[in-house]
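Residues per chain are reported as follows:
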Amino acid sequence: MENQFPIQQFLDPQGNWISENHQELLTEERTKEFYQQMIRIRTFDRKAVSLQRQGRIGTYAAFEGQEASQVGSALALNKKDWIFPTYRDHGATMTFGHSLRNVLLFWNGRNEGNIPPEGLNIFPPGIPIATQLPHAVGAAFAEKRKGTKKAVITYFGDGATSEGDFHEGLNFASVFSSPVVFFNQNNQYAISVPMSKQMKTKTIAQKGLAYDIPSVRIDGNDVFSVYVHTLEALERARAGQGPTLIEAVTWRYGAHTTADDPSKYRDQQESTNRREESDPLLRLERCMKQNGWFNEEWVNKITNDAVQEVEQAVEEMEAYVKPDPAMIFDYVYQEITPSLAKQKKALLHMLGGDEQ
Ligand SMILES: Cc1ncc(C[n+]2csc(CCOP(=O)(O)OP(=O)(O)O)c2C)c(N)n1
Ligand SMILES: [Mg+2]
């Protein structure tokens, strides 16, 4: 089955264009646009990990290694489209236009973090695995019924494909031709569980066959491949041809979140090797060098711009008062249940506060 879904690549890890198609996309301007966005979100990501370590934000899910998947797909969208992300896809939402400050507020437990900038359709991140798929499919179906040309993209991981919501989402989208792109980032782990222990299939793409959904397996560290295939999927969606499943094969270099230690479940050398071989940013650097587009002054400038933008967002986030931990209990039911009331009391006691 793996042979039925060969990994689609345009730019190899050394930065060579190896496809006969879409050569026209390889311009200095576009390559630099991709690179700049990827530097920007990596700068944010590393800063956020550091903020968590200092106790300045809560638990954080880093996406380092997955920048090409997130930037390439987000830049393929129209501004009126919808994004239904997970907790690891703020690289995509920030590329799309989400506020960096609000993303930080989200990770600091404040509700403002779920509010996208005016006019952008960014759903709050799905934390229960795969729940965002049926949401995305429903939103896409609604757009179709309204006769708009808005498409929907939803992100999810390899582990999410073991959930019922994944299968329900794909089936509904297929039957009703919902204009949705199922964008899977196969980083090959669901927390500590490698793909080989999660499923018998060697690919995620083949799961689309069961629903008669056109599916493609791509190199998720090749931003050009991600961009082209997402654009094609969005065009199909807008043309009334229904959903597409994209499996972007990638890797996260760090921990699942700041709450776990990956050295407990995988050899760290593998991540180091993978970084050297196929880091999505290094690949673009190699490509730029080969084409004579790499300019250190420019790289320093965009890096400094990114640092300043992120620092500004941190400052703005820290101007907000910290969230009230009691809130996690207050908005679950209209009237708090006895067991939740007990938990709330225990938590507040532990934190040294009084019950309100
Ligand atoms: C319904 C549900 N079950 C379990 C969890 C705990 N959990 C959080 S992340 C995760 C792994 C998800 O892996 P994957 O879909 O591959 O996404 P990744 O984190 O690798 O991006 C699990 C099991 C959850 N959030 N929701
Ligand atoms: Mg995963």
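Along each chain, residues carry numbers from 1 onward, in the same order as the chain's sequence is written. Chains carry letters from A onward and ligands carry numbers from 1 onward, assigned in written order. Residue-level local features of this predicted model are given only where pLDDT is at least 70; pairs of side-chain atoms are given and counted only at 80 or more, and the full residue set underlies all totals for whole chains, interfaces and linings. As a convention, hydrogens and water are excluded, and side-chain values are obtained from all of the structure's heavy atoms.

1. A short note on the side chain of Asp89
Short version of the rule: Helical segments are the DSSP runs of H or I of at least four residues, strand segments are the runs of E of at least two, and each set is numbered from the N terminus. Exposure is judged per residue with a 1.4 Å probe applied to protein chains only, and the accessible area is read against the type maximum: over 50% gives exposed, under 20% gives buried, and values in between give partly exposed. Counting rule applied: Lys, Arg positive; Asp, Glu negative; His and chain ends not counted. Any carboxyl oxygen of Asp or Glu within 4 Å of a side-chain nitrogen of Lys or Arg constitutes a salt bridge here. Whenever a nitrogen or oxygen atom comes within 3.5 Å of another N or O atom, the pair is scored as a polar contact, on the condition that within protein one atom can donate a hydrogen and the other can accept it, and that pairs from neighbouring residues in sequence are kept only if both atoms are in side chains. We call two residues in contact whenever any of their non-hydrogen atoms come within 4.5 Å of each other.
For Asp89, the location among the structural elements is in the loop between β1 (82–84) and α3 (90–96). Buried Asp89, no salt bridge; nearest opposite-charge side chain is Arg88, N-O distance 6.5 Å. Of the polar contacts made by the side chain of Asp89, one reaches the side chain of Gln70; its length is 3.4 Å. Looking at Asp89, its side chain comes within polar contact range of the side chain of Gln185, at 2.8 Å. Excluding residues that lie within four positions of it along the chain, Asp89 makes contacts with Gln70, Tyr155 and Gln185.

2. A few points about the UniProt feature "domain: Dehydrogenase E1 component" (unreviewed entry) in the chain
Rule in force here: UniProt positions are given in the numbering used here, feature names are shortened, and annotations may be inferred rather than shown by experiment.
Under the feature "domain: Dehydrogenase E1 component" (unreviewed entry), the UniProt entry names residues 36–325. Between the end C-alpha atoms of residues 36–325 the distance is 37 Å, and the span holds 46% helix and 11% strand.

3. Let's talk about the site of ligand 1
Put simply, the test is: Nearness is defined per residue: one heavy atom within 4 Å of the molecule or strand is enough. To be clear on the numbers: accessible area is Shrake-Rupley with a 1.4 Å probe, and residue cover counts the displayed protein chains and nothing else. Only protein atoms enter the 1 Å grid, on which a cavity is a set of points fitting a 1.4 Å probe that cannot get out and a pocket is an open set with protein on both sides within 12 Å along at least 5 of 7 lines, lining residues being those with an atom within 4 Å of a point. The rule for placing a molecule in a cavity or pocket is simple: more than half of its atoms must lie within 2 Å of the grid points. Three classes are used: nonpolar for Ala, Val, Leu, Ile, Met, Phe, Trp, Tyr, Cys and Pro, charged for Asp, Glu, Lys and Arg, and polar for all others, with Gly counted as polar.
Residues in close proximity to ligand 1 total 15 residues, the closest being Tyr87, Arg88, Gly159, Ala160 and Tyr189. Contacts to ligand 1 include Ile129, whose backbone N or O atom sits 3.0 Å from a nitrogen atom. In the environment of ligand 1, an oxygen atom lies 2.9 Å from a nitrogen or oxygen atom belonging to the backbone of Ala160. For ligand 1, the accessible surface in isolation is 580 Å², of which the surrounding protein chains cover 70%. Of the pockets mapped on this structure, ligand 1 occupies the second largest pocket. Of the residues contributing to the shell around ligand 1, the split by class is eight nonpolar, four polar and three charged.

4. Quick notes on helix α10 (residues 280–290)
All of the buried residues along α10 are Pro280, Leu281, Arg283, Leu284, Glu285, Cys287 and Met288. Residues of α10 that are buried make contact with α1 (28–53), α2 (67–74), β7 (215–219), α8 (223–238), α9 (268–278) and α11 (296–318). Of the residues one or two after α10, Gly292 is the one with positive phi, at around 75°.

5. Describing the environment of Glu112
Position of Glu112 relative to the elements: it lies in the loop between α4 (100–107) and β2 (121–122). Residue Glu112 is classed as partly exposed on the basis of its relative accessible area of 23%. Along the primary structure Glu112 and Gly97 are separated by 15 residues, whereas in three dimensions their C-alpha atoms are 16 Å apart. Contact partners of Glu112, with chain neighbours within four places excluded, come to Asn102, Leu105 and Tyr320. Within polar-contact distance, the side chain of Glu112 engages the side chain of Arg110 at 3.0 Å.

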